[in-house]
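Listed here are the chains, written in short residue letters.
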Amino acid sequence: MKKKPIEHHQTLREKILETIRESILKGQLKPGEKVAEPELAERFGISRTPIREAFRQLESEGYLTVIPRKGAVVTALSERAVEEFYAIKSILEGYAAQMAAENMADKDIEKLEAINQKLQELADEGDVKTFFRVHNEFHEVFIRAAGNEKLLELINQLMLKFNRFRLASLSLPGRMEISVKEHEKIIKAFKRKDGSQADNLVRKTASFGGQVLIQSMAQSEGREAESAILKKVVDV
C-alpha cells in the first residue's frame, strides 16, 4: 500500500530533523557552520521545501539560526542561555511538583514508577534518544497532575524551544543513570505528599542538569566554566 503524499512528506521531514539534530549533538556540525540545503536535497531526493520547513522547526528548538540570504547555520550554545533556561525550568517544574504532590493519585505514582523502570532499562542500553522521549513522559505525568493547564502550556513551550539543551545534558556520560536516581527521590516525595520536598528535588534536578552541561561546554573548549554561573547552580 502506497503512503499518502502528506505521510511521505512528514516521514522525510522527520528524517531530516533527526539527521541534523544528531550531526549537531555529535559535533559533526560545528557552531557557526552552514547547513547546506543542496546536499540535503540530493541526499534525500527531495525538493528544498521540506528542508526549509525542517530548518524552521530546528530554529524554534535552538539548533539553527536562519539568516536571510545566507541560509541556516548552527546556533552556538552559550553558558548564559543554558543558565537562564534551567533557572526558569526549575521554578516552573518545581511549582508543578509542589501542586502535584497534593493531587497525585495512586495510579499516577504507579505510572511514574513504571516510566522510571523503563528509563533504567534505557540507561542500561545507552539509548539516549528513546530515554529523552520517555523522560519527557515522566515529567508530563506530574505536571498534568498539578491541574494547571496554563502552567502545562508554558512548560511545554519552554521545553520545545530548548530541547537541544536538555538532550545535550542527558547525552553526557552517566547523566541518564543519575536522572533515574533523581526520579526515585521525587517519587518518594510524591508518595509522602510532601510538596515542599518535591519542589526542592525537582529544582535541584533541573539545576544539576544545567550545571553538568555548562561544565561540559567549558571542558570541550579547554577552559573553566564561568564561576558566576556555576554559583547559581545547585548540585543534588
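In what follows, the structure referred to is the one given above.
Sequence positions are assigned chain by chain, starting from 1 and proceeding in written order. Local features are withheld for residues below a pLDDT of 70 in this predicted model, meaning they are given only at 70 or higher, and side-chain atom pairs are given and counted only at 80 or more; totals for whole chains, interfaces and linings count all residues. The basis for every side-chain value is the complete set of non-hydrogen atoms in the structure, without hydrogens or water.

Would you mind going over the pairing of strand S3 (residues 71–74) with me for this structure?
Looking down a regular strand, the side chains alternate between one sheet face and the other. Pairing between strands is defined by DSSP: at least two bridges between the two strands are required. Elements are defined by DSSP. Helices are runs of H or I of four residues or more, strands are runs of E of two residues or more, and each kind is numbered from the N terminus. By the bridge criterion, two bridges tie strand S1 (residues 34–35) to S3 in an arrangement that is antiparallel. Residue pairing in the sheet places Lys34 in a bridge with Val73 of S3. The turn linking strand S2 (residues 64–67) back onto S3 is made up of three residues, and Arg69 within it adopts a positive phi angle of 65 degrees.

I'm lost on helix H7 (residues 149–161) in this one. Help?
Owing to its 3.6 residues per turn, the α-helix brings residues three or four apart onto one side. Residue count minus one, scaled by 1.5 Å, sets the expected span of a helix. End to end, H7 covers 19 Å across 13 residues, agreeing with the expected 18 Å (1.5 Å per residue, within 8%). Partly exposed residues are those whose accessible area sits between 20% and 50% of the maximum for their type, while under 20% is buried and over 50% is exposed, using a 1.4 Å probe and protein chains only. Looking only at H7, the buried set comprises Leu151, Leu152, Ile155, Leu158 and Met159. Here the buried residues of H7 occupy an arc of 135 degrees about the axis, which is enough to place them on one side. In H7, the exposed positions angled more than 90 degrees off the buried face are occupied by Glu149 and Lys150. Every residue pair with non-hydrogen atoms within 4.5 Å of one another is taken to be in contact. For H7, the secondary structure elements touched by its buried residues are helix H4 (79–103), helix H6 (128–145) and helix H8 (163–170). Side-chain atoms alone can form a polar contact between residues adjacent in sequence; in general such a contact is a pair of N or O atoms within 3.5 Å, and within protein one must be able to donate a hydrogen while the other accepts it. The distance from a side-chain oxygen at the start of H7 to the backbone nitrogen of Lys150 is 3.2 Å, and the residue carrying that oxygen is Asn148. By construction, the arc corresponds to the directions joining the helix axis to the C-beta atoms.

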